[in-house]
Amino acid sequence: MKFAIAVYVKRGKGSVKIRNAAPGDARGITHVHINSWNTTYKGIVPESYLRSLDFEDKAAFWEKIIAEGKSIVSIAENDSGEIVGFASGGKEQTSDPEYLGEVYAIYILESHQRMGLGKKLIKPVIEELINRGFPNLVIWALEKNACRSFYESLGGKIVNKKPILMTGEPLIEVAYGWEDIHDILEYL
Ligand SMILES: CC(C)(COP(=O)(O)OP(=O)(O)OC[C@H]1O[C@@H](n2cnc3c(N)ncnc32)[C@H](O)[C@@H]1OP(=O)(O)O)[C@@H](O)C(=O)NCCC(=O)NCCS
């Protein structure tokens with residue numbers, strides 16, 4: 001997987017480089033993953049579930065994902081070489097007969113949200129999904145997550161809904177779909 005390096009600059013935050021993930025990035029991605037889960041899902045996902053997130057388990061997961069190379073993973077890295085966000089995607093994971101490409105995750109540290117980084121991170125993932133021949137796209141988000149407006153701002157429409165069990169009461173996930181994956185590019 002190859003994609004171009006873009007540079008994003010925001011006053012006061014220095015520059016942020018977008019690149020594809022390399023083997024040494026697993027722990028930096030994990031830091032963002034766990035940190036962003038805690039800030040985003042506090043009050044939505046049960047506290048016990050958030051507390052149970054284990055850094056070493058997640059780091060091993062990301063190491064495997066990067067080493068296998070099946071998933072597309074883009075990262076945002078600041079001037080100090082710290083990872084501040086990531087996005088990942090690949091083949092849809094539940095054998096959905098209609099939607100074949102999926103963005104699995106996109107998480108940015110709270111300090112770097114709402115600066116346009118989300119669009120910069122998701123773009124190379126979409127471009128690589130297109131390169132790999134996926135005709136359409138789905139992205140799942142928790143219904144209670146206000147950040148799902150991000151997908152609406154990219155032209156996504158709700159196409160599915162399902163309960164997801166973590167701990168306690170099931171939560172509802174909604175799926176945003178793009179019938180033609182190329183359509184999302186006009187927003188990026
Ligand atoms: C969701 C996320 C990836 C978006 O990335 P971002 O860099 O913050 O978003 P962008 O600056 O590219 O936003 C583009 C547009 O998306 C919409 N948007 C993004 N975040 C939003 C939010 N929290 N609430 C409402 N609208 C939002 C807005 O329309 C925004 O445009 P604007 O800032 O000009 O109003 C990022 O905020 C994030 O990591 N959030 C926490 C984790 C999360 O919820 N991930 C998604 C899990 S499904």
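Quick summary incoming for the structure in this document.

Basis of the calculations
Residues numbered from 1 in each chain as written. Predicted model: local features only at pLDDT ≥ 70, side-chain atom pairs only at ≥ 80, totals over all residues. Heavy atoms only, no water. Helix = DSSP H or I, 4+ residues; strand = E, 2+ residues; numbered from the N terminus. Expected span 1.5 Å × (residues − 1). Buried < 20%, exposed > 50% of the residue type's maximum accessible area, 1.4 Å probe, protein only. Arc of directions from axis to C-beta. Contact = heavy atoms within 4.5 Å. Polar contact = N/O pair within 3.5 Å; in protein donor to acceptor, adjacent residues only side chain to side chain. Near = heavy atom within 4 Å. Areas by Shrake-Rupley, 256 points an atom, 1.4 Å probe, with all protein chains shown as cover. Salt bridge = Lys/Arg side-chain N within 4 Å of Asp/Glu carboxyl O.

### Here we look at helix α3 (residues 55–68)
Logical step 1: Given a rise of 1.5 Å per residue, 14 residues ought to cover 20 Å, and the 20 Å separating the end C-alpha atoms of α3 matches this to within 8%.
Logical step 2: Along α3, the positions that sit buried rather than exposed are Ala-59, Trp-62, Ile-65 and Ile-66. Within α3, the buried residues cover an arc of 125 degrees as seen down the axis, which keeps them to one side. Turned more than 90 degrees away from the buried face of α3 sit Asp-57, Lys-64 and Ala-67, all of them exposed.
Logical step 3: Among the structural elements, α1 (26–41), β3 (72–77) and β4 (83–91) are those in contact with the buried residues of α3.
Logical step 4: The N-cap residue of α3 is Asp-54: its side-chain oxygen and the backbone nitrogen of Glu-56 are 3.2 Å apart.
Logical step 5: Once α3 finishes, Gly-69 follows within two positions and takes phi at roughly 75 degrees, a positive value.

### Quick look at the site of the ligand
Logical step 1: Looking at the ligand, there are 22 residues lining it, with Ile-108, Arg-114, Gly-116, Gly-118 and Asn-145 nearest.
Logical step 2: Here an oxygen atom of the ligand sits 3.3 Å away from a polar atom, N or O, in the main chain of Met-115.
Logical step 3: In this structure, an oxygen atom belonging to the ligand sits 3.4 Å away from a main-chain N or O atom of Leu-117.
Logical step 4: Protein chains shield 79% of the accessible area of the ligand, which is 890 Å² for the free molecule.

### Describing helix α4 (residues 117–131)
Logical step 1: Look at α4: 22 Å from first C-alpha to last across 15 residues, which is about the 21 Å you get at 1.5 Å a residue.
Logical step 2: Backbone geometry just downstream of α4 places Gly-133 in the positive-phi region, at approximately 90 degrees.

### What about the pattern of salt bridges?
Logical step 1: Applying the stated criterion across every chain yields a total of eight salt bridges.
Logical step 2: Residues Arg-19 and Asp-25 are paired through a salt bridge, measuring 2.8 Å at the closest nitrogen-oxygen approach.
Logical step 3: On the accessibility criterion, Arg-19 (15% relative accessible area) is buried.
Logical step 4: Among the residues examined, Asp-25 registers a relative accessible area of 7% and is labelled buried.
Logical step 5: One network of salt bridges, in which partners are shared, links Lys-17, Arg-19, Asp-25 and Glu-77.

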